[in-house]
Structure formats: structure tokens, C-alpha cells
Amino acid sequence: MNVMDTRATSAMLYLDGVHVSFDGFHAINNLSLALEPGEMRAIIGPNGAGKTTMMDIITGKTKPDEGTVLFDGVTDLTRLDETRIAELGIGRKFQKPTVFESQTVQDNLLLALNVDHSVKGTLFWRGSRAESERIDKVLETIRLTDARNRLAGSLSHGQKQWLEIGMLLAQDPKLLLVDEPVAGMTDVETHLTAELLKEINKTHTVMVVEHDMTFVRELGVKVTCLHEGTVLAEGTIDQVSSNERVIEVYLGR
Amino acid sequence: MTPHMLTRSLDRGATIFLAIVAACGILIPLSNLLLPAGSFLQVPTYLVALWGKYVCYAILALSIDLIWGYCGILSLGHGAFFALGGYAMGMYLMRQIGTRGVYGNPILPDFMVFLNYSKLPWYWHGFDMFWFAALMVLFVPGLLAFCFGWLAFRSRVTGVYLSIITQAMTYALLLAFFRNDFGFGGNNGLTDFKDILGFNVQAEGTRAALFALSCLALILSFLICRSVVSSKLGKVLIAIRDAESRSRFLGYRVESYKLFVFTLSACMAGVAGALYVPQVGIINPSEFAPGNSIEAVIWVAVGGRGTLVGAALGAVVVNYAKTFFTSGMLAPYWLFMLGALFILVTLLLPKGIVGTFNAWWDQAKEKRAAATSASAAAEDGVTEPKMAE
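Keep in mind the model is a prediction, meaning the values are calculated, not measured.

Enquirer: I'd like a description of the overall build of chain A, backed by residues and values.
Expert: Of the regular secondary structure elements, chain A holds eleven helices and ten strands. Rg of the C-alpha trace for chain A: 19 Å, near the compact-globule value of 18 Å for 253 residues, within the 12% margin. Dimensions of chain A, computed from C-alpha atoms along their principal axes, come out at roughly 55 × 50 × 40 Å. The buried share of chain A, taken over its 253 residues, is 44%. Expressed as a percentage of contacts within chain A between residues at least 6 apart in sequence, the contacts between residues at least 24 apart total 67%.

Enquirer: So what's going on with the overall build of chain B? Residues and values would help.
Expert: When its secondary structure is counted, chain B shows 15 helices and four strands. The principal-axis extents of the C-alpha atoms in chain B amount to approximately 105 × 60 × 45 Å. Looking at chain B residue by residue over its 389 residues, the buried ones come to 42%.

Enquirer: Got a sec to walk through the packing of helix H4 (residues 105–112) of chain A against helix H6 (residues 129–141) of chain A? Specific residues and values, please.
Expert: Residues and elements named next belong to chain A. Interaxial distance between H4 and H6 falls to 10 Å at its minimum, and their mutual angle equals 120°. Relative to H6, H4 is oriented oblique. For H4 against H6, the interelement crossing comes out right-handed. Contacts between H4 and H6 involve Gln106, Leu109 and Leu110 from the first element and Ile135, Val138 and Leu139 from the second. Partitioning the contact of H4 with H6 into residue classes produces five nonpolar, one polar and no charged.

Enquirer: Describe the pairing of strand E6 (residues 90–93) of chain A, and please don't skip the residues or the numbers.
Expert: Residue and element names in this part refer to chain A. Because side chains alternate across E6, one face comprises the buried residues Ile90 and Arg92, and the other comprises Gly91 and Lys93, equally buried. Both E6 and strand E7 (residues 175–179) contribute to a ladder of four bridges, which runs parallel. Bridge assignment links Ile90 to a residue of E7, and that residue is Leu175.

Enquirer: Describe the interface of chain B and chain A, and please don't skip the residues or the numbers.
Expert: Between chain B and chain A, the contact holds 20 residues from the first and 22 residues from the second. Of all the elements in the fold, those that place two or more residues in the side of chain B that touches chain A are helix H9 (232–242), helix H10 (244–249) and helix H11 (254–280) of chain B. Here the side of chain B that touches chain A gets seven residues from one element, more than from any other, and that element is H9(B). Taken together, the residues of the side of chain B that touches chain A break down into ten nonpolar, four polar and six charged.

Enquirer: Lay out the confidence of the model for chain B in plain terms, naming residues and giving numbers.
Expert: All names here are of chain B. Mean pLDDT over chain B stands at 92; residues scoring 70 or higher make up 94%. Here residues 382–389 scores under 50 on pLDDT; set against residues more than four positions off or in separate chains, the count is zero contacts. Interface confidence for the predicted complex, expressed as ipTM, amounts to 0.88; the pTM equals 0.91.

Enquirer: Please give an account of the sheet that holds E7(A) that cites residues and values.
Expert: Consider a sheet: its strands pair through backbone hydrogen bonds, and that pairing is either parallel or antiparallel. Residue and element names in this part refer to chain A. Spatially, the six strands line up as an open sheet ordered E6-E7-E8-E3-E9-E10, and their pairing is mixed. Sheet topology places E6 and strand E10 (230–235) at the edges, where each strand pairs with a single neighbour. Ignoring strand direction, the axes of neighbouring strands in this sheet form an average angle of 20°. Pairing of E7 with strand E8 (residues 205–209), which is carried by five bridges, proceeds in the parallel orientation. Paired with Val178 across the bridge in E8 is Val208. Contacts from helix H7 (residues 157–171) reach E6 and E7 within the one sheet, and its direction differs from that of E6 by about 175°.

Enquirer: Can you explain the nonpolar core? Please cite residues and give values.
Expert: Membership of the largest hydrophobic core comes to 173 residues, with the highest contact counts inside it found for Leu109(A), Val208(A), Ile59(B), Leu60(B), Ala61(B), Leu62(B) and Ala272(B). Sequence-distant contacts of Val208(A), defined by excluding residues within four places in its chain, comprise Met40(A), Ala42(A), Ile43(A), Val178(A), Pro181(A), Leu197(A) and Leu219(A).

Enquirer: Can you break down the pairing of strand E4 (residues 66–71) of chain A residue by residue, with the values?
Expert: Residue and element names in this part refer to chain A. Both strand E1 (residues 13–22) and E4 contribute to a ladder of five bridges, which runs antiparallel. If you follow Asp16 over to E4, its bridge partner there is Thr68. Direction of pairing for E4 relative to strand E5 (residues 75–76): antiparallel, over a ladder of two bridges. Within E5, the residue paired with Leu70 across the bridge is Asp76. Hairpin geometry of E4 and E5 is characterised by an intervening segment of three residues between the two adjacent antiparallel strands and by a positive phi of about 60° at Asp72.

Enquirer: Tell me about the packing of helix H3 (residues 45–71) of chain B against helix H12 (residues 290–303) of chain B, and name the residues and values.
Expert: All names here are of chain B. Packing of H3 against H12 brings their axes to within 9 Å, and their N-to-C directions diverge by 75°. Relative to H12, the element H3 lies roughly perpendicular. Across from Tyr57, Leu60, Ala61, Ile64, Asp65, Trp68 and Gly69 in H3, the residues of H12 making contact are Ala296, Val297, Trp299 and Val300. By residue class, the composition of the contact of H3 with H12 is nine nonpolar, one polar and one charged.

Enquirer: Explain the sheet that holds E4(A) residue by residue, including any values.
Expert: Residue and element names in this part refer to chain A. Read across the sheet, four strands follow the order E2-E1-E4-E5 without closing on themselves; strand pairing throughout is antiparallel. Each edge of the open sheet is held by one strand with a lone partner, namely strand E2 (25–35) and E5. Of the strands in this sheet, E1, E2 and E4 are in contact with helix H2 (residues 51–58), which crosses E2 at around 65°.

Enquirer: Which residues make up H3(B), and what are the values?
Expert: Residues and elements named next belong to chain B. Here H3 spans 39 Å end to end across 27 residues, near enough to the 39 Å set by a 1.5 Å rise per residue. Of all 27 residues making up H3, 20 are buried, and the element is well covered by its neighbours. Trailing H3 by a residue or two, Gly72 shows a phi angle of about 75°, which is positive.

Enquirer: Requested: an account of the confidence of the model for chain A, with residues and values cited.
Expert: Model confidence for chain A is summarised by a mean pLDDT of 90, while 97% of its residues fall at 70 or above. Summarising per-element confidence for chain A, the mean pLDDT is lowest in helix H1 (residues 3–6) of chain A (55) and highest in H4(A) (95).

Enquirer: So, unusual backbone geometry: which residues are in play, and what are the values?
Expert: Phi is positive for Asp72(A), which is not a glycine, with a value near 60°. Note on placement: Asp72(A) falls in the loop between E4 and E5. Assessed through the 20 C-beta atoms surrounding it within 10 Å, Asp72(A) is described here as buried. Phi is positive for Arg156(B), close to 55°, though the residue is something other than glycine. Mapped onto the secondary structure, Arg156(B) falls in the loop between helix H6 (130–154) and helix H7 (159–178). Residue classification places Arg156(B) among the partly exposed residues on the basis of 14 C-beta atoms within 10 Å.

About the thresholds
Residues numbered from 1 in each chain as written. Chains lettered and ligands numbered in written order. Predicted model: local features only at pLDDT ≥ 70, side-chain atom pairs only at ≥ 80, totals over all residues. Helix = DSSP H or I, 4+ residues; strand = E, 2+ residues; numbered from the N terminus. Rg over C-alpha atoms; globule rule 2.2 N^0.38 Å. Buried ≥ 20, exposed ≤ 12 C-beta atoms within 10 Å, placed from the backbone. Contact = placed C-beta atoms within 7 Å. Axes fitted to C-alpha atoms, helices over the stretch in contact; angles between N-to-C directions. Parallel < 35°, antiparallel > 145°, perpendicular 65-115°, else oblique. Left-handed = near helix turned anticlockwise from the far one by under 90°. Nonpolar A, V, L, I, M, F, W, Y, C, P; charged D, E, K, R; others polar. Pairing = 2+ DSSP bridges. pLDDT = per-residue confidence, 0-100. Core = buried A, V, L, I, M, F, W, Y, C linked by C-beta atoms within 7 Å. Expected span 1.5 Å × (residues − 1).

Set out below in C-alpha cells:
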């Protein structure tokens, strides 16, 4: 039997008819979305459109009331918890940079590496050359080689954002969910981050949530606009930003 | 534990700490036994027993620091594991009394004869053998911690809620052990011990040996804790302490880590209790009192959480102060002093004694490094103008 026979879809991530409500508030309303392998997708939309809730559903933090969430065409994510989903290969960068502040930059990356995460494995862990080479490479990519022995808590806001992206790289997931990577960054940092994400996209499927339209334009990828928990428009940045409804609810006239 | 894990775990502070404990463990018993009584350097027997108690408390403090300082689990019921280990040892000591009890029953301890037990309850079987009792010292607290932790951590009970249910756990055990029909001697507990492994528990030699053993147990516990916290698992624990959900999204099974470290910690607390009982000569339900567990947390806070050495130091310092103040005219005010100490440490020394010292030491080292580079720069500065002349 061919693997393709068991796959319900060719998409890396497939959401269909997803509903979530919190105390009667419909955060996600009949949301359907598909990400092809190797694709980078930008998600935009006003506050409360359900962008972060959608990421919570994909990563197992929130369970949907109904609907299908398939990863890699075969795995039903609604049945799994955060740890299992992370092990499957979905990495997430949070809106507010969340790094392990009391540990060094290097240790943050070490913790993120996708190696044995069991109690026994970490208790008897011995560093290997391959691991330290991978960490060196990530440090170079995120330009934090000089800061490797500094505590993550002492980094600047932009550096923390980068460290978190670096942790995603060390995790080497199949799918990266990146929530507002350039919030609070300078223009130069924003530009560098776009370059970095494009570089990452060469080998990974990426979903980016961002408000910064200049940044989204710079990514130059397919854009999905969410509103009230459902897809309002989808297409190139020009198509979406000229959509009447998108202008009305999000971009403003 | 591999040699590699041991060498990695020893920094300078740890080595100094181990050297001091080892020296105490050897010199105090020797001075007690070999020097003539009353001479200046002789440590009297009552002090050996008292310090032996402190050493057991230090092991308990280490076990709390391991979960609280490194994994953020604030257990306010760790005294329960300490007491369970103590009861397991107490049961062995009771069975050793044999016919020397008041009622002279070769099988049943005195309190059972008094309460008209016809035969030994099933859970008292095996405790006449030391190896079995020693196993139970680890197994009973470990099993309770495992079951309790499995339910609590899997349901993601954290923070203050976890602290409250640990407190409830030790209180429930306190009430249970108070009951005469529970089979552990009710409110009198277990006492009037005679022998341990054939040696008289009251004898000076036995007391000195128990003290030395307690020091050895402290050293071993410390080495185990250091190996755990300096391994990659230790980094994961700190990650869980600082950002639990982030660790989950990285693929760490947080509940397994918490369960491992909580169970390990409970076993250590059990060993502390088992060494404590023959040295103080009694174990009763008051050891389960919630206040005891809270006091143990204060020792750790005073010494410095997340430092290990600080936890042990805090246990000794606070208990020394307790002995000192509760024996004088200030005795009625001890609890107020303890409360004030906790408030003052929280406000003025949030990192505890050792944590504050470490921070100061690091800062001084940085300053020295900065000063050397500055003076080097200054020398360059001096030479340059000369060159200009």
C-alpha cells in the first residue's frame, strides 16, 4: 500500500470546519485553511480575529468544539496534547518572546534541539559534537554567536525574538508557527527577520501571523485575512489588500 | 550515576561544602569518643545527638530545594515523607524491643498489647528485618509521592493549588496516625527503642556512628542532587520552573519530569526521617503537623533556594537559632521570631544567604575583571602620550 493512499489530503496542515467558543463567544467560526508542504503563509486580521486561538488549536493548547485538524495528511491533531504535537514536528514562536531567561543563550538552544526528550535521556545526556555543531550553526544564523554565554534574560527585545526563532530552528520542525515575529523591532531588524524567515522557508513550511503590512509585503507570500474566526479573504498581498471587506474591517480606508 | 556526571557536578562551593560535612562527620564522633569527657575539645554526647538532628533536617531541606528551587514545585507537605521514613525506621526499632517491653510480648509491641491486639497487623510483617525496613524507608514515601504526583501533575495542578493539596495531604496523614486503630501507636507514636542492628541506641558509640552515617547520607544526597541539577535534566527542570508551557511546546513531557524529581525528593526526605528517629528516640504523629513542613520551607528560603548548599546551611542555621532561643527566656517568642525571619528574608534577602553571597561574589569577580582590563587600558593610555612626546 502506498503512503499516499492513507493520506486524506496532500496538505501539510489542513483545517476544515473548525469551531471553538469560549463561554458562548465564537472565537473560531467554521474556519477552513490548507497549507501545502514547503509553503509560507502570512495570516493577517484585526485583533480578536482568532489568529492566536487558531495557533492554540494547531499546537494542542485548545481543543476545538468541532471540525478537522490534520497534520501531514494523516495525524488528527485534536486528539493530541502539546508535547506529542511538538514531537511530531510543529514548532511555535509566541507573540510575547518566551525564552528561558535564567539560562544562557546556548542552553536555550540546547533545550530546543529535537533530540531525546525523555527523563532518562536528559538525565544521562552527554553532549555530542553533532549537537554543538548544530547549535553553532543556529547561533550564526540568528547572529547571536557573541552572546552565546549570556543569560537569555539580558538580551534586548529584538535579540529575544531572534533567539526564539533560533530555538525553532534547533527544534527543526516540519511546520513552524510564528506569532508576530517583528513586534517591537526596528526597521532594520524587521528587514533582517524577513530575510531570515525566507531562508528558513527554503526547508520548512511556515505560518506567520503579523500585523506589520510592510513586513508581510516583504515576505511576498500568499496571505490569508481572518475576521471573527473565519477566512475573509485569501490571495496575494495585492489581492487581499484591495478586497473591499478587508479594507473595511482591517486596513481602514 | 556515572563518574562523568560526578565530576561535572562539583564546583568550588560544592567541594568546600562536602569537605566541611565530611570533616564534621569524622571529627565530631572521634572527639566525642576518644577525648576525655569534659575536656575543652570534647563534643558532649547530647550535642552529637542534637547536631545529628540538624544534619537530618539538612537532608530534608535539600530534598525540598531540589523540587522548589529547581522545578518550582512548592510542597508544603514534605514533612509527611520525612515522617513516613521515620515511621518505617520506628517500626523496625519497635520490633527489635522483643521481650524487653513492659508487657514482655515477644511479637507485639507494647501499645498493641495495651490496645488488645490479638496478632500483628499485616503491614507490620517484615519490619523485624533491617533490610526490609530500609527498603520501606525509600519505598513508602516514594510510592505516596508517585501516586500523589501522578494525579496532581497529570491534571496540571500547579502553584498555590499544589501547595494547598500537599498541605492537606500531610494533615490527613496527621489525623490518620493519631487514631489508635490505625496501628501505629496513636498519639504516643513509637518510642522506647532499645537496639538498632544489635547496638544499644542510647550508647555513645551508636550515637556517634549514627551521626557519622547522617553526614554520609547528607553527602550522598547532595551528590545526587548536584548530579541531577547539573545534568541536562537540570536545565529542563529550570526551564519548567521558568516557563512551563514553553517547555511543553518544545516537546518535553512536563508531568514526567515533575514526577521523577518529586518522587526522588520524597525518597530523600524518607531517608532523612529514618536517620532522625533513632537519634531523637521517638516518632509520633506531630511530625506530620503542617507547621513542620512550612518550617522546612523557611529553612530553604533563608539559606537560598536553588543553591542546594544554601538549603543545608539554612536548615542548620535556623535550627541552631531555634535551639538557642527556645531554651532561654525568649522561648515564648520563638514563633514570632521565625515569622519575622521569613518576612525579613523575603523582603531583604530574596535570594537567601547563599544566593546573595553568590550574586555578590560574581559581581566582585566581574569588577575585578573590569578593573584589570581598565588598568591595562590605562597603561596603554600612559604609554601613548609618551610616544607622542
